[in-house]
Every structure is written in structure tokens, then in C-alpha cells.
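Descriptive structure summary
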Amino acid sequence: MKRGETVTVVLERRQELGKGGARKLRRMGYVPAVLYSRDSASGSEPLKIRLGELERILRIPGVTHHILELSVDGEKRRGIIKDIQYSPVKNEIWHIDFYEVKADQKISLTVPVVIQGEAKGVKAGGILEIVTPELEVECFPDAIPEAIVVDVTELEIGDAIHVRELKVPEGVTVAENPDEVVVVVTPPEVMAEEEEKTEEEPEAPKVIARGKAEKEK
């Protein structure tokens, strides 16, 4: 999904509430939904969305990181997907939460981490590990970044980049622990295995094996 692209989600208000109402909706081909809003008197509105419509939306790459146009019984709103719940048994979509956004209100959402460059440590045989593939950020709706770009070019084996070291767009705040590791270059697996073998004590089984061979003679 590209910046500036508009995706419309068709939603309907629902009267069916509670577990019984949710089961009835699912039998009718709907998924229960809730739209949370600061401007709503209750703070939330019970909605529903056709399963086919929801599956279409979720097939769009990056849709969970973008502002969507929400058509609630024809009324145009703006919002983001806040949470998706799945059935623990069949892994079917069970429920979805949307959050309404206003231009003058900051929101929080997750955006992907995108790696830029090739680490020096990787060229030397190390392995680049993305420890935190997504980050929660806070910003105004029109300042939502496509991703948080992390330049790893200068990383040597053993080096890491933490949240506090990230370069983020103006107006964007990363709402994570500043000490959390985002990416790290680890030693090559072969090297690590060799070091483990070097640290091991002389293998007792070899002595036992020789003893057995001598007895057999």
C-alpha cells in the first residue's frame, strides 16, 4: 500500500451484542467489529463487517500500518486497524477493532522496521538479526511513516542498534523501551561452534572407547 493511496472499508452498525450476538453474526457471514473514538460518548461503537470485505482488506500489503477510509453506513470516517482477534481453534478471524483518527489528535500504531545497507560484520561472515521487526510509534495521522529505516552499514560483528539510537522522522516518537535492541550482528555459527568445542574439556568418552577396544583385544 503506497502513501496517499485510499482504501475504503465498508462497515455497518450492529444491534447484535454479547457472545450470542457475535455467534449469530458469524453464521450470517459477518465479523463483529468495534470502532473506538475519543469523540464518541461511550468511547466505542459496535459495528460489523462482511467476512469477504475484511479478507479483501487484509490482503493489501501494509494495510495495518495505514489510515483507512471507514464507511460506516455510508458515513465517511478515518481510522486504523488497531487489533485483530482470531479463533484459537480454527484460526478464523473472530473480531476486529478499529480506532478513529482526527487530524489534530496523535495516535499510536505499529510500523515495520526496514533495513538499509549491508553491515560490515555481515561481509566479515556475521549474521544480521532483526530482533524487533515492528515498532510502536506515536504521531499525528498525516505524519505516519511508511517504516522506520535502520542503516546497518557500519555495524561490526557484535554491534547492535538500540531504540534510543534510531533516526526517526520529525514529529514521530518511538514508544518503546530506549534500551531495546532493534538489530544486532551476531558471530558466524561455525565460529561459535568452534569456540564451544575449544572451551570443552578433553572428552572422557574417547578414553572409555580405547579401554573397551583394549579389553576386546
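Residues numbered from 1 in each chain as written. Predicted model: local features only at pLDDT ≥ 70, side-chain atom pairs only at ≥ 80, totals over all residues. Heavy atoms only, no water.

1. Regarding the overall build of the protein
What counts, and what does not: By the criteria applied, helices consist of DSSP H or I runs no shorter than four residues and strands consist of E runs no shorter than two, each listed in order from the N terminus. The classification of residues rests on relative accessible area computed with a 1.4 Å probe and restricted to protein chains. Under 20% of the type maximum is buried, over 50% is exposed, and intermediate values are partly exposed. Contacts are assigned to residue pairs that have any heavy atoms within 4.5 Å of one another. Shrake-Rupley sampling with a 1.4 Å probe provides the accessible areas, and residues are treated as covered by the protein chains on show and by no other component.
The helix and strand tally for the protein stands at 5 helices and 13 strands. Here the protein holds 217 residues, and the buried ones make up 35% of them. Partitioning the contacts of the protein with sequence separation of at least 6, the portion at a separation of at least 24 is 65%. Accessible surface computed for the protein: about 13400 Å², of which carbon and sulfur atoms make up 50%.

2. Examining the packing of aromatic side chains
Threshold: Here is the rule: rings of Phe, Tyr and Trp (six-membered ring for Trp) pair when centre to centre is within 6.5 Å. Planes less than 30 degrees apart are stacked, more than 60 are edge-to-face, and the remainder are tilted. Two limits define a charge over a ring: the Lys NZ or Arg CZ must be within 6 Å of the ring centre, and within 35 degrees of the ring normal.
Per the stated rule, a full pass over the model turns up 0 aromatic pairs. One Lys or Arg, R26, reaches over the ring of W94 and ends 3.7 Å from the middle of that ring.

3. Concerning the pattern of salt bridges
The condition that has to hold: Within this document, salt bridges are pairs made up of a side-chain nitrogen of Lys or Arg and a carboxyl oxygen of Asp or Glu, the two lying within 4 Å of each other.
Applying the stated criterion across every chain, the model contains 12 salt bridges. With its nearest N and O atoms 3.1 Å apart, the salt bridge here joins R56 to E53. Taken as a pair, R56 and E53 lie in helix 2 (residues 51-58) at a separation of 3 residues, close to a single helical turn. Assessed through its relative accessible area of 16%, E53 is described here as buried. Taking the shortest distance from any N to any O, the salt bridge between E100 and K102 comes out at 3.4 Å. Look at the salt bridges and you will find they share partners, linking R13, E45, D73, E75, R77, E100 and K102 into a network.

4. Description of the pairing of strand 10 (residues 148-151)
To keep it simple, the criterion reads: Whether two strands pair depends on DSSP finding at least two bridges between them.
Here strand 10 shows a clear split, with I148 and V150 buried on one side and none of V149 and D151 buried on the other. As paired elements, strand 7 (residues 107-116) and strand 10 share 4 bridges and run parallel to each other. Bridging from a neighbouring strand, V113 pairs with I148 of strand 10.

By themselves, these are just geometric observations and shouldn't be taken as functional.
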